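Survey of secondary and tertiary structure
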Amino acid sequence: MSPSGSTSRRALLSASAATAAGASLIGGRAAEAAPAAPAARRVTAQPPGRDLVAMAREIDPGRIESIVRRLVAFGTRHTLSAQDDPERGIGAARDWIHAELRRIADASGGRMTVELQSYVQEPDGNRIPVPTTITNVVATLRGSAAPERVYVVSGHYDSRVSDVGNATDDAPGADDDASGVAVVMELARVMSTRTTEATVVFAAVAGEEQGLYGAGHMAQRFKAAGADVQGMFTNDIVGSPVADDGTADPRVVRLFAEGVPTSETPEQADVRRSVGGENDSPSRQLARFVRDVAENRATGMTVNVIYRRDRYLRGGDHIPFLEEGYPAARFTEPHEDYAHQHQDVRVEDGQQFGDLPEFCDMDYIARVARVNLATLWTLAQAPGTPTGVHIDTGDLTNSTTLVWTRGPEPDLAGYEVVWREPTEPEWTHVLDAGDTTTHTVDISKDNVFFGVRAVDRAGHRSPVAYPTPSR
Ligand SMILES: [Zn+2]
């Protein structure tokens, strides 16, 4: 065996040579006779299928605009506002979203169901002064092949003004977060007429501005039910690509994804300190997956992954899911205009303040919806993220043996091993391992980061699982 450094370098070079020769790894078996130099190719993005392109075209900026304006027309959607007034307040908004989602579910052939998920939040000594009913409106599109595997997309329908306790003044909340609710409702409409293999949950949650209460309740309910939530995305403030100085990035959405997991245990932290992986949490793999499937002609968008849980010292509805150990991330517009969020509606020195619909760009919201669509559709059609993924460390060697558990999907085709130099942000190399549960690569585990993903017969790829050491 050569010194590990030269082995690694030679293997990576041969990977490039294989790519240059146009080698296809699907069905290839060259790499199984380890420890030969692996026949790898460069990772390329998953192209959108014809079904996805057709669905993306159905996302309608006109419908998105009507949803945003209807939500604004409830005056305020503050969590502490009226729950029984048919015209004004969060109760009227809740009932309207519920009716709309039920109408969408009616066209799903019984696959989509809609529920009101309520609980009473007791006073918290902070932003909830009196016992308050918090209600999430939740539409569930049950998967045909793997219904127990769940992906969640959310927006929050509550709103606020400058004083977070003010439940009476107009709080239009067009960008924050009627835009996110519109994404969720439009996705539900387009996806409800299709069959997905895994289950997709479309949620309009409440209580975000008072302390992430609605999302917290939903995450706890999933956890208590033992649900296998393999990905969650909140869309919060996705209404405009324009900054307060006029800068515009109409083809960019930010995706905040944490590195070290919020739910990490002391034992997991010990492993991470020993073998690395602070850039390889399940949420980071989910973010890489979003770039893999959603930066293409179906969306016309670039996804700027930000290596943070959320904006600086701020929070969102993905955090309760992270606390329960579920991979989760936050979509947000590329710049924020603080004159247009959490503000009393007013004119000051000739400047209009307030979260008004005229500051939203409906075509932009539609493109963000297409990014979500590409992500959720591919997640729901692809195999689940591999489980039981380990690097075998029984012997000291300069090659790397990965093991994993075979997934239950009926259309599973096999597995791919991916890797990258430790300083690379994205997976760079991939090789086909075939329909097996172990694979050895002639590259030292000391020198690159490895991962494993599953592939189905249609070529859909799962998010990558990052291995832990096993002896
Ligand atoms: Zn918000």
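Remember, it's a predicted structure, so these values are computed and weren't measured experimentally.

1. What to know about the confidence of the model for the chain
Predicted confidence across the chain gives a mean pLDDT of 92, with 92% of residues reaching 70 or more. This model gives residues 1–36 a pLDDT under 50, and the stretch forms 56 contacts once residues within four places in sequence are excluded.

2. Focus: the sheet that holds strand β9 (residues 328–332)
Across the sheet, which stays open at both edges, the eight strands sit in the order β2-β3-β5-β4-β6-β9-β7-β8 with mixed pairing between neighbours. Where the open sheet ends on each side, the last strands, each with one partner, are β2 (112–121) and β8 (302–306). Across this sheet, the average inter-strand angle for adjacent strands is 25 degrees, counted without regard to direction. In this sheet, β9 lies alongside strand β6 (residues 228–235) in parallel orientation, the contact comprising four bridges. In the strand pairing of β9, Met232 is matched with Ala328. Contacts from helix α5 (residues 174–191) reach β2, β3 (132–141), β4 (146–156), β5 (198–205) and β6, with the element oriented near 145 degrees to β4.

3. A word on the coordination of the zinc ion
Bound to the zinc ion are the protein donor atoms His156 (NE2), Asp176 (OD), Asp236 (OD) and Asp236 (OD), situated 2.0 to 2.7 Å from the metal. Taken together, the four donor atoms coordinating the zinc ion and their angles of 52 to 146 degrees define a geometry best described as irregular. When its relative accessible area of 2% is taken as the criterion, Asp236 is described as buried.

4. Some words on the packing of helix α2 (residues 50–58) against helix α11 (residues 362–381)
Where α2 contacts α11, the two axes come as close as 10 Å, and the packing angle between them is 145 degrees. In this structure, α2 crosses over α11, and the sense of that crossing is right-handed. Mapping the contact onto sequence places Asp51, Leu52, Met55 and Ala56 in α2 and Arg370, Leu373, Ala374, Trp377 and Thr378 in α11. For the contact of α2 with α11, the class distribution of residues is six nonpolar, one polar and two charged.

Calculation notes
- Residues numbered from 1 in each chain as written.
- Predicted model: local features only at pLDDT ≥ 70, side-chain atom pairs only at ≥ 80, totals over all residues.
- Heavy atoms only, no water.
- pLDDT = per-residue confidence, 0-100.
- Contact = heavy atoms within 4.5 Å.
- Pairing = 2+ DSSP bridges.
- Helix = DSSP H or I, 4+ residues; strand = E, 2+ residues; numbered from the N terminus.
- Axes fitted to C-alpha atoms, helices over the stretch in contact; angles between N-to-C directions.
- Donors = N, O, S within 2.8 Å, 3.2 Å for Na, K, Ca; no water.
- Tetrahedral: all angles 85-135°; square planar, octahedral: opposite > 155°, others 65-115°.
- Buried < 20%, exposed > 50% of the residue type's maximum accessible area, 1.4 Å probe, protein only.
- Left-handed = near helix turned anticlockwise from the far one by under 90°.
- Nonpolar A, V, L, I, M, F, W, Y, C, P; charged D, E, K, R; others polar.

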